[in-house]
Amino acid sequence: MQAMDISAAQAFQFHTSLNLTLLTNRRARDLAELLEHLRAVPGSVIYYHTHHFLVQHQYLSPEPPNDFAYWVTNVLQEDRLGEELAAIDLITFHTIRALRERIVGVIERFLDARRQLRTAPDGEEFHFREAVSFIVPTTLEARDLSEFADGLERIGFGSLSFHVFDARLRLEKGANDFSEWLATMLGERILAQEIARLDPYTYTLDGLRAAMVRLVRRRLQERAR
Amino acid sequence: MSRLEAYEPFVGRGTLDELRLLSEQLQGRRIVTVNSTAVGGGVAEILSRLVPLSRELGIDIRWEVIKGGEDFFAVTKRIHNALHGKVEGFGDHDREIFRETTRNNLATVDLDADVVFIHDPQPVGLIEARRPDSAHWLWRCHIDVSQPQSDVWAFLAEYVTRYDATVFSAPQFARDLPCPQVMIAPSIDPLSDKNRELSETEIDQVLDRLHIPRDKPIVTQVSRFDRLKDPVGVVGAFRLVQPHHDCRLVLAGGGATDDPEGAEVLRTVHEAAAGDPDIHVLELPPTANIEINAIQRASTVVLQKSLKEGFGLTVSEALWKGKPVVAGAVGGIPLQITHRYSGILTHTVEGTAFWIKQLLTAPDYARRLGENGREHVRTNFLLTRHLREYLLLFLFLGRTDQRVIRLR
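The structure displayed is predicted, hence computed values, not measured ones.

So, how was this worked out
Residues numbered from 1 in each chain as written. Chains lettered and ligands numbered in written order. Predicted model: local features only at pLDDT ≥ 70, side-chain atom pairs only at ≥ 80, totals over all residues. Helix = DSSP H or I, 4+ residues; strand = E, 2+ residues; numbered from the N terminus. Buried ≥ 20, exposed ≤ 12 C-beta atoms within 10 Å, placed from the backbone. Contact = placed C-beta atoms within 7 Å. Pairing = 2+ DSSP bridges. Nonpolar A, V, L, I, M, F, W, Y, C, P; charged D, E, K, R; others polar. Axes fitted to C-alpha atoms, helices over the stretch in contact; angles between N-to-C directions. Parallel < 35°, antiparallel > 145°, perpendicular 65-115°, else oblique. Left-handed = near helix turned anticlockwise from the far one by under 90°. Domains from an automatic or database assignment. Core = buried A, V, L, I, M, F, W, Y, C linked by C-beta atoms within 7 Å.

Peer 1: Requested: an account of the overall build of chain A, with residues and values cited.
Peer 2: Across its full length, chain A holds ten helices and two strands. Mapped from its N terminus to its C terminus, chain A presents α and β elements in the order β-α-α-α-α-α-β-α-α-α-α-α. Along the first, second and third principal axes, the C-alpha set of chain A runs to 70 × 30 × 30 Å. The buried share of chain A, reckoned over its 225 residues, is 42%. In chain A, once contacts between residues fewer than 6 apart in sequence are set aside, the share between residues at least 24 apart is 71%.

Peer 1: Residue-level account of the pairing of strand S4 (residues 136-140) of chain B, with values.
Peer 2: Residue and element names in this part refer to chain B. The buried fraction of S4 amounts to five of the five residues, a majority that puts the element mostly inside the structure. Neither face of S4 is exposed, since His-136, Leu-138 and Arg-140 on one face and Trp-137 and Trp-139 on the opposite face are all buried. Relative to S4, strand S3 (residues 115-119) runs parallel, the two sharing five bridges. Opposite His-119, over in S4, you have Arg-140 as the bridge partner. Pairing of S4 with strand S5 (residues 165-168), which is carried by three bridges, proceeds in the parallel orientation. Within the sheet, the bridge partner assigned to Trp-139 lies in S5 and is Thr-166.

Peer 1: Help me get a handle on the interface of chain B and chain A, residues and values and all.
Peer 2: Contacts between the two partners involve 32 residues from chain B and, on the opposite side, 27 residues from chain A. If you list the elements that add at least two residues to the side of chain B that touches chain A, you get helix H2 (13-25), strand S6 (181-183), helix H14 (363-380), helix H15 (383-396) and strand S13 (404-406) of chain B. When grouped by side-chain class, the residues that make up the side of chain B that touches chain A number 14 nonpolar, eight polar and ten charged. For strand S2 (residues 126-142) of chain A and S13 of chain B, the ladder comprises three bridges, and the chain directions are parallel. Residue pairing across strands places Ile-135 of chain A opposite Arg-406 of chain B, the latter belonging to S13 of chain B.

Peer 1: Would you mind going over the packing of helix H6 (residues 145-154) of chain A against helix H10 (residues 205-224) of chain A in detail, with residue names and values included?
Peer 2: Residues and elements named next belong to chain A. Two numbers describe how H6 lies on H10: the axes approach to 10 Å, and their chain directions differ by 160°. One finds that H6 runs roughly antiparallel with respect to H10. At the point where H6 passes H10, the crossing takes the left-handed sense. Taking contact as the criterion, the partners of Leu-145, Ser-146, Phe-148, Ala-149, Leu-152 and Glu-153 in H6 are, on H10, Arg-209, Met-212, Val-213, Val-216, Arg-217, Arg-219 and Leu-220. Class assignment of the residues belonging to the contact of H6 with H10 gives a composition of eight nonpolar, one polar and four charged.

Peer 1: Which residues make up the domain arrangement of chain A, and what values do they have?
Peer 2: Bring the parts together and some accessible area is lost; that lost area is often taken as the interface size. All names here are of chain A. For chain A, the domain assignment lists domain 1 (17-130) and domain 2 (138-224). Taken residue by residue, the interface counts 16 residues in domain 1 and 18 residues in domain 2. Of all elements in the fold, only strand S1 (12-28) and helix H2 (43-56) reach the threshold of two or more residues within the side of domain 1 that touches domain 2. If you tally residues by element for the side of domain 1 that touches domain 2, the top one is H2, at four residues. Among the residues making up the side of domain 1 that touches domain 2, the classes are represented as ten nonpolar, six polar and no charged.

Peer 1: Which residues make up the domain arrangement of chain B, and what values go with them?
Peer 2: Residue and element names in this part refer to chain B. Each assigned domain of chain B is listed here: domain 1 (5-187 + 382-396) and domain 2 (200-380). Of note, the centres of domain 1 and domain 2, computed from C-alpha atoms alone, are 28 Å apart. At the junction of the two partners, domain 1 supplies 24 residues and domain 2 supplies 21 residues. The biggest single contributor to the side of domain 1 that touches domain 2 is helix H4 (residues 70-83), with five residues. Looking at the side of domain 1 that touches domain 2 residue by residue, the class counts come to nine nonpolar, eleven polar and four charged.

Peer 1: Which residues make up the sheet that holds strand S9 (residues 279-283) of chain B, and what are the values?
Peer 2: All names here are of chain B. An order of S9-S8-S7-S10-S11-S12 is seen for the six strands of this open sheet, with the pairing classed as parallel. Edge positions in the sheet fall to S9 and strand S12 (344-346), since each has one partner strand and no second. On average, adjacent strands in this sheet sit at an angle of 20° to one another, irrespective of strand direction. Where strand S10 (residues 301-304) and strand S11 (residues 325-328) come together, three bridges link them in parallel fashion. Bridging from a neighbouring strand, Gln-304 pairs with Ala-327 of S11. Against the sheet, helix H11 (residues 313-320) engages strand S7 (218-222), S10 and S11, with an angle of about 170° to S11.

Peer 1: I'd like to hear about the sheet that holds S13 of chain B, residue by residue, with values.
Peer 2: One open sheet holds the nine strands; their spatial order is S2(B)-S1(B)-S3(B)-S4(B)-S5(B)-S6(B)-S1(A)-S2(A)-S13(B), and the pairing between them is mixed. Only two strands of the sheet have a single neighbouring strand rather than two, namely strand S2 (60-65) and S13 of chain B. Each adjacent strand pair in this sheet contributes to an overall mean axis angle of 25°, direction not counted. As defined by bridge partners, strand S1 (residues 30-35) of chain B adjoins S3 of chain B across four bridges and the pair is classed as parallel. Bridge pairing in S3 of chain B places Thr-33 of chain B opposite Phe-117 of chain B. Where helix H7 (residues 157-170) of chain A meets the sheet, it contacts S1 and S2 of chain A together with S13 of chain B, and its direction lies at approximately 70° from that of S1 of chain A.

Peer 1: So, the nonpolar core: which residues are in play, and what are the values?
Peer 2: Counting 174 residues, the largest nonpolar core has Val-116, Leu-138, Val-325, Ile-356, Leu-392 and Leu-393 of chain B as its most contacted members. Tallying contributions element by element places H15 of chain B first for this core, with nine residues.

Take a look at the structure:
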């Protein structure tokens, strides 16, 4: 099987993204305040509140990975708006700016039809936080499909998260890094598409890794036949 | 096996690789971390684990402890209470005691390093040693400062505002400060005597030694004898449970060298317990880690009925042992417990009693809460996550305006 592997002209260098959380001292007690801050905060705040859930609450998946939906539903108990915010399909966005506009738009539409605003109880305000991402090259690299499968099995969640979420949305590359490399460097277009088609927001990171490894291993078996 | 590799069964190899990568980036930087006590209390406990692990990763880090008299620690205890929102007198004499002890420590504590990492209010004044263009200074606050007494916060803010960055344990603790505020939750060590696996025989032996029979369900609160942990409220909740369930209450707590108020609180707890043979009030020394571990593991329900909390790490300790926890919804506790999923959050003595009864009656539900809690702790509150965030914090210094930082 190893002998049949095609080597890439450029190895895939696994990176990892490790996050530090900053407190912004911005807080919202109701939807009007939430909206005001949402319009003003840096993109790294929007990124934090739509992505940290993925890493911090592994076992809760497939709960919505979106703090705004969680707060609106569980604290303000505005179930309908909470559902609309949870239903924002993150995989369809390629920039934080577009994602912010959608979140703001959904809340604006809701407020247009509302006069009375519910207020969060004391101590349950929404506290805006911000992600600082450190991108570090790991010692792992892959020159062919077999090494790629081994790397996928070994990398930490920070690495998986970087190549899947950060690459698409924060670095605005349009696709996940794995699919890009598989298609352009190994000519594995179908495998690349299969990986790109996985909606990463509906998996735990461990589940996502397992799904990707399964696809890559299956392709290795096909080539070995 | 190295100390670091011993964590692999809990967190996986990838997590350890990440720590090694970050440590390489910090080679050549000298770090000194400073707090007010070498033993007792959560800060010393965490440092006693983090510092050796950092050294194994090749980080050049020292741990210094400031010295102060009883009068200093009485003042800092009042500062602690006032930051938690309790009204405390804080006059010129108190300020002078604080400043004098700070001056004494400035003369003796070796602060020569590239990063000076100060913990909590007691040593905050060491920032006086800062010179222009010298080391980076970090202040780590382990206290709930969401509603501080204004004059006490104003006094501390004169120091805090001179730091390069501050660190708080929970989002609601953020203050209006000119420097970046980083959120880093504390952590527990799965390998420490307080948290490592114990055999049933070990647990039995410890409870025998402490004269706690295992003949009926045990409800436990482990924490310092401190008003803010509400041990009297715990006794009150237990009294409401007793008519319906035959069970025992264990209140186990140690003192800390910077906590002179403990004896008075302990006296009121004994008064409330009034000689009830089912209420066990245990004064444990700071070294009683295996005892605490065994008590938690022997418990059916664990409480942390705090009125205020810096973080409430005993919650994570109990969750890690798969125990259902009923805890006050204060400070960092809601970060550790999602209500009715990974534990129970309460606000009153009556609510605490209600949920103790529910959990004693529904063991399957109690077990599920504990299992979810353990997984939540595995991802978020183990020492390796804490260490990773401290390493990132050190790397953040000098580029605090950046939000995506590429390391080579």
